[in-house]
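Secondary and tertiary structure notes
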Amino acid sequence: MTGAGSLVGQAAVDQLLEVLDLEQVGGMTFRGMSPPVGPQRVYGGQVAGQALVAAGRTVDAERFVHSLHGYFVRPGDPAEPIEYDVENIRDGRSFSVRRSVALQHGKTIFFMSASFQRQEEGLDHHAPVPPDVPGPEDVPTMADRLSRYPDRLGIWGQIPRPIDVRYVGEPGWVAPGDRPADPHQRVWMRIDGKLPDDPLLHACALTYASDLTLLDSVLSVHGEVWGPGGVVGASLDHALWFHRPFRADEWFLYDCWSPSASGARGLATGRMFTADGRQIASAVQEGLLRRVGA
């Protein structure tokens, strides 16, 4: 079940590559577009991924992004181009730091600080992968999930889906009452096609994916769902650390949980592991969460 107008597989990935391929309109200024079909406001992972593209294009290719920290300030208009202004904060012997600001109509909608490092050797350890998690081939596909809830399909039946997302437990868009409480939300993900070998592009694709399900882990603790009869929300900030080389077009497990929720805000944190158990990234996000009526 893909929906009459939705793009999936390599066609959707190719469109994602177009979205991430910014136009350079000045020395440190870039312009990005949104997909022709999408939600009413720009998806947060898109603007974060594009901001990282802009920052990364001003850094020596021998330095690789290791962390980013961003704030979502205003909703983005998908019908309008987004301008990215990059500021060179510092180029040191080992690190480069950039600030990337996304603007529409002359106002900031998102800003990010990102740090890049030349490759070095050092101590090496990471937390173990969660035990007893079924593999991506052993959990339902997105099409299988959506087929159970045609009334909840909505925009999912129209927008491109460049990411193959497979939930281990129940997703947050099922009907109210159909989701048991679970302290963890775990999903398998991969870009649903082939990406070029550019490490920056894989980091940007992972950034794009990292915003897709992270905040849902706050709802999972309570067995809550998105939409009518549940909760509406928006990302407030987002942080991502890259630990090891990876390919975003190969399976990774996104293990998410929420340590706290209060004051209509929820904090979510996640770890990403390759199929062979290497931790490749960590994410933290706070979001605004408000109940809505049925």
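These figures come from a predicted structure and were not determined experimentally. (Residues numbered from 1 in each chain as written. Predicted model: local features only at pLDDT ≥ 70, side-chain atom pairs only at ≥ 80, totals over all residues. Heavy atoms only, no water.)

With that settled, consider the UniProt feature "domain: Acyl-CoA thioesterase 2 C-terminal" (unreviewed entry) in the chain. Mapped onto the present numbering, the UniProt feature "domain: Acyl-CoA thioesterase 2 C-terminal" (unreviewed entry) falls at residues 177-288. Helix makes up 17% of residues 177-288 and strand 46%. Its end C-alpha atoms lie 22 Å apart. (UniProt positions renumbered as here; feature names shortened; annotations may be inferred. Helix = DSSP H or I, 4+ residues; strand = E, 2+ residues; numbered from the N terminus.)

This next bit is on the pattern of salt bridges. Tallying each qualifying case throughout the model produces 17 salt bridges. For Glu 170, the salt bridge is made with Arg 145, and the minimal N-O distance between the two is 3.7 Å. Pair noted here: Glu 170 is in the loop between β7 (163-167) and β8 (184-191) and Arg 145 is in helix α3 (residues 142-147), with a separation of 25 residues, a long-range link. The class of Glu 170 is partly exposed, set by a relative accessible area of 22%. Judged by relative accessible area, Arg 145 falls into the buried class, the value being 6%. Residue Asp 276 pairs with Arg 278 through a salt bridge whose shortest N-O separation is 3.7 Å. With a relative accessible area of 61%, Asp 276 lands in the exposed category. The exposure class assigned to Arg 278 is partly exposed, which follows from its relative accessible area of 31%. (Salt bridge = Lys/Arg side-chain N within 4 Å of Asp/Glu carboxyl O. Buried < 20%, exposed > 50% of the residue type's maximum accessible area, 1.4 Å probe, protein only.)

For any pair of aromatic rings, the description consists of the separation of the ring centres together with the inter-plane angle of the planes. With the rule as written, the count across this model stands at five aromatic pairs. Measuring from centroid to centroid gives 6.3 Å for Tyr 167 and Trp 173, while their planes differ by 80°, and the two rings are edge-to-face. (Phe/Tyr/Trp six-rings, centres within 6.5 Å; stacked < 30°, edge-to-face > 60°.)

Turning our attention to the side chain of Gln 104. Summarising the element assignment, Gln 104 is placed in strand β5 (residues 95-104). Side-chain polar atoms of Gln 104 contact the backbone oxygen of Pro 81, separated by 3.4 Å. Once you skip the residues sitting within four places of it in the chain, Gln 104 turns out to touch Gly 76, Asp 77, Glu 80, Pro 81, Ile 82 and Ile 109. (Polar contact = N/O pair within 3.5 Å; in protein donor to acceptor, adjacent residues only side chain to side chain. Contact = heavy atoms within 4.5 Å.)

Moving on: the nonpolar core. By size, the foremost hydrophobic cluster in this structure holds 67 residues, and its most contacted members are Val 47, Leu 52, Tyr 84, Phe 110 and Phe 242. Here the element with the most residues in this core is helix α4 (residues 199-210); it accounts for eight residues. Not counting the four nearest positions on each side in its chain, Phe 110 is found in contact with Val 47, Ala 48, Ala 51, Gly 70, Tyr 71, Phe 72, Val 73, Ser 100, Val 101 and Ala 102. Counting five residues, the second largest nonpolar core, distinct from the first, contains Val 133, Val 139, Trp 251 and Leu 253. (Core = buried A, V, L, I, M, F, W, Y, C linked by side-chain atoms within 4.5 Å.)

The calculated volume of the second largest pocket comes to roughly 1000 Å³. Lining the second largest pocket are 29 residues, with Phe 64, Gln 119, His 243, Arg 244 and Pro 245 positioned closest to its centre. Contributions of two or more residues to the lining of the second largest pocket are made by β3 (63-72), β6 (107-118), α4 and β9 (231-242). Among the residues making up the lining of the second largest pocket, the classes are represented as 13 nonpolar, eight polar and eight charged. (1 Å grid on protein atoms, 1.4 Å probe; cavity = no way out; pocket = protein on both sides within 12 Å on 5 of 7 lines; lining within 4 Å. Points joined across faces, edges and corners; volume = space filled by probe spheres on them. Nonpolar A, V, L, I, M, F, W, Y, C, P; charged D, E, K, R; others polar.)

Moving on to helix α1 (residues 9-20). Helix length check: α1, at 12 residues, gives a terminal C-alpha distance of 17 Å against a target of 16 Å (1.5 Å per residue), a fit within 8%. Those residues of α1 that sit buried are Gly 9, Ala 12, Val 13, Gln 15, Leu 16, Leu 17, Val 19 and Leu 20. Each element contacted by the buried residues of α1 is listed here: α2 (44-56), β8 and α4. (Expected span 1.5 Å × (residues − 1).)

Positive phi outside glycine occurs at Asp 132, with the angle close to 60°. Mapped onto the secondary structure, Asp 132 falls in the loop between β6 and α3. For Asp 132, a relative accessible area of 79% corresponds to the exposed category. We note that Ala 264 has phi near 65°; this positive angle belongs to a residue other than glycine. By the secondary structure assignment, Ala 264 is in the loop between β10 (252-262) and β11 (265-274). Among the residues examined, Ala 264 registers a relative accessible area of 36% and is labelled partly exposed.

Further remarks concern the side chain of Asp 216. Within the secondary structure layout, Asp 216 lies in helix α5 (residues 216-222). Asp 216 sits in the buried class, given a relative accessible area of 5%. Not counting the four nearest positions on each side in its chain, Asp 216 is found in contact with Tyr 167, Pro 171, Gly 172, Arg 179, Gln 185 and Trp 226.

This brings us to the pairing of strand β4 (residues 82-91). Pairing of strand β2 (residues 29-32) with β4 involves four bridges; the strand directions are antiparallel. Looking at the pairing, Gly 32 lines up with Ile 82 of β4. Summarising the sheet, β4 and β5 pair through eight bridges and their orientation is antiparallel. Its bridge partner being in β5, Glu 87 is matched across the sheet by Arg 99. Two successive antiparallel strands, β4 and β5, enclose a turn made up of three residues. (Pairing = 2+ DSSP bridges.)

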